[in-house]
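Survey of secondary and tertiary structure
Letter by letter, the chains look like this.
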Amino acid sequence: MSDRELPLRLAVGGDHAGFPLKELVTKHFSELVIELIDCGTHDESPSDYPDFAVEVAEKINSGQADRGLLICGSGVGVSVAANKITGIRAAICHDTYSAHQGVEHDDMNVLCIGGRIIGSELAFEIIKSFLSARYTPEERHARRLQKIVALEED
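This section reports on the structure supplied with the text.

**Remarks on the pattern of salt bridges**
The final tally for this structure, using the stated rule, is six salt bridges. A salt bridge links aspartate 66 to arginine 9, with the nearest nitrogen and oxygen atoms 2.8 Å apart. With aspartate 66 in the loop between α2 (49-61) and β3 (67-72) and arginine 9 in strand β1 (residues 6-14), the pair connects residues that are 57 residues apart, well separated along the chain. The exposure class of aspartate 66 is partly exposed, given its relative accessible area of 31%. Looking at arginine 9, the relative accessible area reads 23%, which means it is partly exposed. Close ionic contact of lysine 22 with aspartate 38 constitutes a salt bridge, the shortest N to O distance being 2.8 Å. Placement of lysine 22 in helix α1 (residues 19-29) and of aspartate 38 in strand β2 (residues 33-38) is noted, with a sequence separation of 16 residues between them.

Okay, structure coming up:
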């Protein structure tokens with residue numbers, strides 16, 4: 001899939017530690033996706049990563065965005081916060097294989113990365129892998145996904 005074939009609406013958010021990388025990512029992908037929704041933060045002033053996880057999740061759950069990207073210092077905080085929200089399947093991926101496999105097998109809808117962990121060029125490749133991937137509802141994938149959805153209902 002070429003850079004011009006990312007037919008998704010992407011919600012992006014991150015805290016102050018993720019802000020520098022988020023700025024590079026939003027510039028790089030703004031014209032490669034149908035719509036890029038910047039959920040903040042908009043500077044390096046101290047901020048709380050759960051707030052941005054909620055913003056991105058709301059865009060996905062309301063149907064305004066197809067996928068989400070969250071960036072904090074390590075990727076851990078935004079991943080933990082996002083996974084507390086019903087309908088969100090988030091994971092930290094600092095390699096391209098996990099980024100596409102998480103979508104293909106687990107229907108992951110939010111990619112989390114650490115702005116203090118990886119550089120921009122690797123981030124671009126990981127994000128492209130995530131955005132290019134499509135869920136493959138094979139029986140084993142669908143069965144496992146239903147078990148995950150059931151966990152949210154308990």
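**Observations concerning the packing of aromatic side chains**
Counting across every chain of the model gives one aromatic pair. Note on phenylalanine 29 and phenylalanine 124: the rings are 6.2 Å apart at their centroids and 75 degrees apart in plane angle, and the pair reads as edge-to-face. Of this pair, phenylalanine 29 sits in helix α1 while phenylalanine 124 sits in helix α5 (residues 120-132), placing them 95 residues apart in sequence. When sorted by exposure, phenylalanine 29 lands in the same class as phenylalanine 124, which is buried.

**Thoughts on helix α4 (residues 96-106)**
Every buried residue belonging to α4 is among Ala99, Gln101, Gly102 and Val103, and all of these are buried. Looking at the buried side of α4, the elements it contacts are β3, β5 (110-114) and α5. At the N-terminal boundary of α4, the capping side chain belongs to aspartate 95, with an oxygen 3.2 Å from the backbone nitrogen of tyrosine 97. Where α4 terminates, the next one or two residues include aspartate 107, which has phi positive at roughly 55 degrees.

**Examining the nonpolar core**
Within the largest apolar cluster, 25 residues are counted, with the highest numbers of intra-cluster contacts made by Val25, Phe29, Leu69, Leu111, Ile113, Ile127 and Leu131. Elements with a contribution of two residues or more to this core: β1, α1, β3, α4, β5 and α5. When residues of this core are assigned to their parent elements, the largest contribution, six residues, is made by α5. Those residues within four positions of valine 25 in sequence are excluded, and the remaining contacts are Leu69, Ile71, Phe124 and Ile127. Ala53, Leu70, Cys72 and Cys112 belong to the second largest nonpolar core, which has 18 residues in total.

About the criteria used
- Counting from 1, residues in each chain are numbered in the order their sequence is written.
- In keeping with the model being predicted, local features are shown solely for residues with a pLDDT of at least 70 and side-chain atom pairs are shown and tallied solely at 80 or more, while totals for entire chains, interfaces and linings include all residues.
- Neither water nor hydrogens contribute to the side-chain values; these are computed over all heavy atoms in the structure.
- A carboxyl oxygen of Asp or Glu within 4 Å of a side-chain nitrogen of Lys or Arg is what we treat as a salt bridge.
- Secondary structure elements are taken from DSSP: a helix is a run of H or I of four residues or more, a strand is a run of E of two residues or more, and numbering for both begins at the N terminus.
- The buried label goes to any residue with under 20% of its type's maximum accessible area, the exposed label to any with over 50%, and the partly exposed label to all in between, with areas taken from a 1.4 Å probe on protein chains only.
- Under the pairing criterion, centres of Phe, Tyr and Trp rings, with the six-membered ring standing for Trp, must be within 6.5 Å; the plane angle then separates stacked pairs below 30 degrees from edge-to-face pairs above 60, leaving the rest tilted.
- Throughout, a residue-residue contact means that at least one pair of heavy atoms, one from each residue, lies within 4.5 Å.
- Pairs of N or O atoms are called polar contacts if they sit within 3.5 Å, as long as, within protein, a hydrogen donor faces a hydrogen acceptor (for residues adjacent in sequence, only side-chain-to-side-chain pairs).
- Only buried Ala, Val, Leu, Ile, Met, Phe, Trp, Tyr and Cys residues count toward a nonpolar core, and they belong to the same one when joined by side-chain atoms within 4.5 Å.

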